[in-house]
Amino acid sequence: MLRHRSKLMGQINGMLMFLPYLVVLVMFAIVPIVMAFRVSLGPSRLYPEGGFGNYLFVFEDFRFLSAVGNVSLFLLIYLPAMLIVVAVLSLLLDTVQMKYTLPLRLAYLVPAGISGSVAILVWYFMLEPTYSPFAGIFAEIGLTEGVQIFNTTNLVYIFAIMAFFTGAGNWIVIQYGSLQSIPQDILEAARMDGANVFQQAFLIKLPLIRKYLVYMLILVFASGLQIFVEPYLISSSVYPGLAKDWSLNQLSYTLAFTGSNLGAAMALSMVMLLVSVIVALVIIYRTDFFDEARGKMKEKTIG
Amino acid sequence: MGKSLTARKRPQRVPLTKVKAVSGKAVAWFIMILFAVFSVIPMLWLILAPSKTQVELQRSAPLSFGSFQGYSDAWNNLMVFQDGRIVDWIINSIWYTGVQVLVACTIAILAGYALSATRLPLRKTMLIATLVAMIVPQVAFVLPLFVEISALGIYNTAWAIILPGTFYPFGVFLSYIYFSTTIPSELYEAAKIDGCGDWGTFFRVAVPLSGGLIGMLAFFSFQVNWINFFLPFVVVSSGDVLTLPVGLGILFSSTPALSPQVGANALPIRAPEIALAGMLVAIPILIVFLFSARLLVRGVLAGSVKG
Amino acid sequence: MNRKLIGAAVVMSGVLLLSACAGGGTTSSETGEGVDEVASGPRTLLLYVDPVREPAALAYKASVEGEIDVTVEVLGQEEILAKVALANQTGQGWPDVTFNPSNNVGVFQDPLNGYALNLDEYVDSAIIEGYNGSGDWCLIDGSYYCLKNDLAQTVLWYDTVIFDELGLTVPTTMEEFAATAMKLKGTGYVAGAIGDQGYYAGYLWPSGCPISQVLDQETVRINPDAVECTRVIELVQPLVDAGVLDSRGSFDAGFLEDVARQQKVAMNIGPSWWGQFVIRPEDSWAIPAGRIAAAEMPLWSGETTNWSGEWGGGVWVGNSHAPNPQDVADAIVFLATDPDMRADKVTFPGYKPAFEAWSATIATDPYYVGDVTAAMVAQVPKIRQDERPARFDSRGQLGVLSTEIQGSGDIDAATRKFMEGLAELAAGAGYTVVK
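Conventions and cut-offs
- Positions within a chain are numbered from 1, following the residues in the order the chain's sequence is written.
- Lettering for chains starts from A, numbering for ligands starts from 1, and both go in the order in which the items are written.
- Local features are withheld for residues below a pLDDT of 70 in this predicted model, meaning they are given only at 70 or higher, and side-chain atom pairs are given and counted only at 80 or more; totals for whole chains, interfaces and linings count all residues.
- Note: side-chain values were computed over all heavy atoms of the structure, leaving out hydrogens and water.
- Note on conventions: DSSP H or I runs of at least 4 residues are helices, E runs of at least 2 residues are strands, and numbering of each starts at the N terminus.
- Per-residue accessibility, obtained with a 1.4 Å probe over protein chains only, is compared with the maximum for each type, and a residue is labelled buried under 20%, exposed over 50%, and partly exposed between these values.
- For this analysis, residues touch if any pair of their heavy atoms sits within 4.5 Å.
- We get accessible surface area from the Shrake-Rupley algorithm with a probe of 1.4 Å; when it comes to residues, only the shown protein chains can shield them.
- A simple way to read buried area is as the amount of 1.4 Å-probe accessible surface that goes missing from two parts once joined, with both sides added.
- Think of a salt bridge as a Lys or Arg side-chain nitrogen and an Asp or Glu carboxyl oxygen that are within 4 Å of each other.
- Pairs of N or O atoms are called polar contacts if they sit within 3.5 Å, as long as, within protein, a hydrogen donor faces a hydrogen acceptor (for residues adjacent in sequence, only side-chain-to-side-chain pairs).
- Source of the domain bounds: an automatic or database domain assignment.
- The rule for a disulfide is simple: a pair of cysteine sulfur atoms within 2.5 Å.

## Regarding the overall build of chain C
Then, number 1: Counting its regular elements, chain C contains 17 helices and 13 strands.
Then, number 2: The proportion of buried residues among the 435 residues of chain C is 61%.
Then, number 3: Considering only residue pairs separated by 6 or more positions, chain C has 75% of its internal contacts joining residues 24 or more positions apart.
Then, number 4: Of the roughly 15800 Å² of accessible surface on chain C, 53% is carried by carbon and sulfur atoms.

If you want it as structure tokens, here you go:
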């Protein structure tokens, strides 16, 4: 009787503690999705009866394919760059004694403040030859005009650089932290076997942090897919129209607020959300990354 | 490598492996330092830019220092925009982010503890939902959130920005991991033996030991909420309710600094002024980051898998 | 204990119910709420302007001090459409008076949008007559939905010093213009920059190229193959290739440094505000006094009128949801036409009395050579009327056009891409696109 009552108390206490989060989860994750889905099936000018016409409208929109292309190309440059640089630099950091790495790690964290609107500000000045500290280097390769750098073909690279610059240092420090949790005995054994510092790094440590790198790539992919701020701001100020409707989120915004078509905008948001959720579920269920986390869950419920 | 006195007369032959090791290390250091330099230069530029005038920015060396007067001039010019609108933006950013961090972390710690140490029903589902929400960034929800916020009638208020920022699945996940792995089960047992219920255990055992966790939660939450652009941009339209990052965007398109077509004689806001505004956005994050650097080193992710 | 469970369940179901009720399209809540409900409470007005118009807005605010509580917000021109759309969606928060790029009135007049206030009842017909027809851009479906802030008719600006130096005569036809421009080849002088809105306003529009000729509420004429378009491309491309038309924009930092501020612009087709806003200011081209003059637009062969287009020319639009529409209309009239306020502004007022005040200063200004307003006045009735406000955002595509020209210098490809985009937008807005 007592045990049954304490079990119930445990459940209720658990629910009470969890309740604020549940409320927020429902209010700001689930409800918006439900509402947006309903709007996406709602009436619009060309499809007054609603239905999936809005989705068709999006897929047929003349800007949709190029936005998909832009974002895909952006991710294709950005993700591998992140993977390689973050892996290499965190491993290199780990080959050196920790106290020497502190100033380096602090330096790598510095760019994290330069994100979003500040990123456009700083990178405009970094790349515009009239202002740039790198103007000399640009001149060497024949780039003397702003339009040579800021044009439609270069946009993918510019945004990739911005995103990379803001995110890489942060992740290098995080992965470096993960490297610290590698048991010393494994490394000792490798050293005994004659592996030098670099062999240890790339043959032993790298596979061990593979999971964390994959997790990083997933997060970077999910946020990269949603890119909006940088292309929007650069097109609304210094180079008007340069990156107009360049990314999928920009297209969604344009459809909603200048195209008077909220239905189509929500349709596009739904599609993008679906892609992100599918990727998330694949990672959770098909890889072993979260298995231990879910496994722990099993132990606890039995106990 | 044995060295005898006689060997000194002949030139020493350094073994190839040692050469490789030394030059390998040199290359490694070179790469690390190069990346560090590139990381720091833009921020350095940003900090030095407001000290110069517009003309100096274009003519003198990019990393040169102008004068301290430059900062106050830039600030005064910024204040001209809509009669000191920038002060509104700063105050808003500070208190919105403050409330968000406070509420989000509290909610996350409670929920994470509930997931890890109580008999919460449907835990597995909740955890999966949290994992999915962790991976999908808030940006994906912004337009749907707009629909909801306008339906709720809080459009164009501070709450339209603050409330969605209290949803912090990553924080829930982190605290779930923390409470499951870092706090030894013996402590929970001891508390139960002493007669503490779930709440007692939470306040007497879990919270006192979660200094590191709270630091990490606050750190990530602050970073994400301070810099947020898309959500405030969409759900708020009055300038005096907006935050600093969005205000910076307004300055881009409304002032000659980055939009020469706006008109050279409209406002005294040029590159130095806008750099100062950018500094105000970037510096708080920088400060928070630098102070929390050691938290990151301890390994944010390590606890979530075999550790 | 159970009560807490039930409480939680109630909260959750309440939330789900909320989402069920409130989903889908615009909400049912109507007019502007809050303090300005009906006749009670103080009269308020919310103004959205761009930075150039902020002084005017503040002047208005001062003039109604004590009677009407005026709030002024400054935004970039690109954002106004979105802000109004946001207000439409949420059913509240509409700005009462907005300064807009000219096409916005087409978007706002669209019944599905419903923002634009019909000014017929609230604005004295004398005001409309004062525009002498030049305000008819705002005449849609038989009513006036905006007042023109200024006319931005294109004229031919030229530098008399350079012309004297090279022995050039002012061109009166487009062929002469092209020939004169070609004579600049190799001299280091240029005939302007083409990688900006000037191409659309000064070349395509005056030529009659059907860019968005809105014929009625169902049809719009967009045809990149029309001879009025191809002749422009054929004229401009060789000039760009020869380097006498710069493919950058007139506001590009590089163009400013290397060309404009070096006094290398011999002539360029530009709007009426070009002199005061671009050529003259210290921070801009900073051309010294006594050089710049303006002539009428060159004539395209086969045309009887030397048409102008407009580069910009903003419009003031009012809020149809405002509880005090007369106040809204009065504000618009003040901002668009008040002579004292307009006298020292950079733009050419469309309303005759205001224009007279403006031209009194400019016509005799010793900075210019001769009376530049003469050409401007001559061009006022010659603003080609084929282009009309459209209910899709045509102006947004202009940036794409400029970007293409700056990037490739291929005028044909850029023009086609621009117009094809407009055709798509038109179709998306429910128009039938005809050639």
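## Details of the interface of chain B and chain A
Then, number 1: In this assembly, 104 residues from chain B lie in contact with 112 residues from chain A.
Then, number 2: Across the chain B/chain A interface, buried area totals approximately 9700 Å², and carbon plus sulfur atoms make up 80% of it.
Then, number 3: Our enumeration of links across chain B and chain A arrives at zero salt bridges.
Then, number 4: Here chain B is connected to chain A by six residue pairs in polar contact (both at pLDDT 80 or more).

## Details of the pairing of strand S7 (residues 154–159) of chain C
Then, number 1: Across the six residues of S7 of chain C, six count as buried, placing the element largely inside the fold.
Then, number 2: The two faces of S7 of chain C match: Thr-154, Leu-156 and Tyr-158 of chain C on one face and Val-155, Trp-157 and Asp-159 of chain C on the other face are all buried.

## Topic: the domain arrangement of chain A
Residues and elements named next belong to chain A.
Then, number 1: The assigned domain composition of chain A is domain 1 (1–41) and domain 2 (54–302).
Then, number 2: Here the C-alpha centroids of domain 1 and domain 2 sit 32 Å apart.
Then, number 3: The interface is formed by six residues belonging to domain 1 together with eight residues belonging to domain 2.
Then, number 4: Here domain 1 meets domain 2 over a buried area of about 550 Å², counting both sides, of which 78% is carbon and sulfur.

## Things to note about the state of the cysteines
Disulfide: a covalent bond formed between the sulfur atoms of two cysteine residues.
All names here are of chain C.
Then, number 1: By the definition in use, this model includes two disulfides over all chains.
Then, number 2: With a sulfur-sulfur separation of 1.9 Å, Cys-138 is cross-linked through a disulfide to Cys-146. Taking the torsion about the S-S bond as the criterion, the Cys-138 to Cys-146 disulfide, at about -100°, is left-handed.
Then, number 3: One disulfide in the model links Cys-209 with Cys-229; its S-S distance is 2.0 Å. Note on the Cys-209 and Cys-229 pair: the S-S dihedral is about 95°, so by sign convention the disulfide is right-handed. Of this pair, Cys-209 sits in the loop between helix H8 (197–207) and strand S8 (213–214) while Cys-229 sits in helix H9 (residues 227–242), and the two are 20 residues apart along the sequence.
Then, number 4: Taking the relative accessible area as the measure of exposure, Cys-209 reaches 1% and is therefore buried.

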